[in-house]
Amino acid sequence: MSDVKQLLPLLFIALMIGGVVWFMQDEYEPPFEPAYYDEVNEEGWQMRFFLDPEDDEVHIGIQLNYEGDTFEPDQLEKLEFFVNHETGSFYYQDLDVEGFAGELIHKEVCDACLDESGRLVGSMMINWQMNGEAESVFHQFVLTDIPAEEYPDDVRE
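Cut-offs and rules
Residues numbered from 1 in each chain as written. Predicted model: local features only at pLDDT ≥ 70, side-chain atom pairs only at ≥ 80, totals over all residues. Heavy atoms only, no water. Pairing = 2+ DSSP bridges. Helix = DSSP H or I, 4+ residues; strand = E, 2+ residues; numbered from the N terminus. Axes fitted to C-alpha atoms, helices over the stretch in contact; angles between N-to-C directions. Core = buried A, V, L, I, M, F, W, Y, C linked by side-chain atoms within 4.5 Å. Buried < 20%, exposed > 50% of the residue type's maximum accessible area, 1.4 Å probe, protein only. Contact = heavy atoms within 4.5 Å. Polar contact = N/O pair within 3.5 Å; in protein donor to acceptor, adjacent residues only side chain to side chain.

A few words now on the sheet that holds strand 5 (residues 88-94). One open sheet accounts for four strands, arranged 5-4-7-8; its pairing is antiparallel. Both edges of this open sheet fall to strand 5 and strand 8 (133-143), since each of them pairs with a single strand only. With strand direction ignored, the average angle separating the axes of adjacent strands in the sheet is 10 degrees. Judged from the seven bridges that link them, strand 4 (residues 78-85) and strand 5 form a sheet pairing that is antiparallel. Residue pairing in the sheet places Asn-84 in a bridge with Ser-89 of strand 5.

Okay, structure coming up:
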């Protein structure tokens, strides 16, 4: 019985330490790394056009990071972009930006966006406003060597 009384404080301490470790654990989210992408840096924006298989769906999208020194990301007032690719298009618009942290990832399900050649061409125009002044950048992207035959029929044209 005295052995149990001596082990109880140690067991209690171990449970407390385990609880604190479990409670304080940080959910680490790794950086976004799509399978196929083309990127460019212009006007302080790192723009990445991507195709990314995720679980049982394939996503097409844009990742934007503002890394310039013209303005602070939280000063951004408006942001929009338009993306056209061979079989469709998508856009993003926020006319009342609040608390922009400098990164945006926008993706949609790829519906018939791949052809048999394994090549995907897209163009993007990004517009933003800061201090009442509007700016724009346009760029064309090309993704190559995508193994189209590995994806379901609804992803291919």
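Grouped burial of nonpolar side chains is what soluble globular proteins tend to show. Ranked by size, the top nonpolar core spans 33 residues in total, and within it Trp-45, Leu-51 and Ile-126 carry the most contacts. Mapped by element, the contributors of at least two residues to this core are strand 1 (36-42), strand 2 (45-54), strand 3 (57-66), strand 4, strand 7 (120-130) and strand 8. Setting aside chain neighbours within four positions, we find Leu-51 in contact with Pro-34, Ala-35, Tyr-36, Val-58, His-59, Ile-60, Cys-110, Cys-113, Leu-114, Leu-120, Leu-143 and Ile-146.

Below, the discussion takes up the side chain of Arg-48. Topologically, Arg-48 is positioned in strand 2. Residue classification places Arg-48 among the buried positions, given a relative accessible area of 8%. Of the polar contacts made by the side chain of Arg-48, one reaches the backbone oxygen of Phe-32; its length is 3.5 Å. Apart from residues lying up to four places away in sequence, Arg-48 is in contact with Phe-32, Glu-33, Pro-34, Tyr-37, Asp-38, Glu-39, Gly-61, Ile-62 and Gln-63.

By themselves, these figures tell us nothing about what the structure is for.
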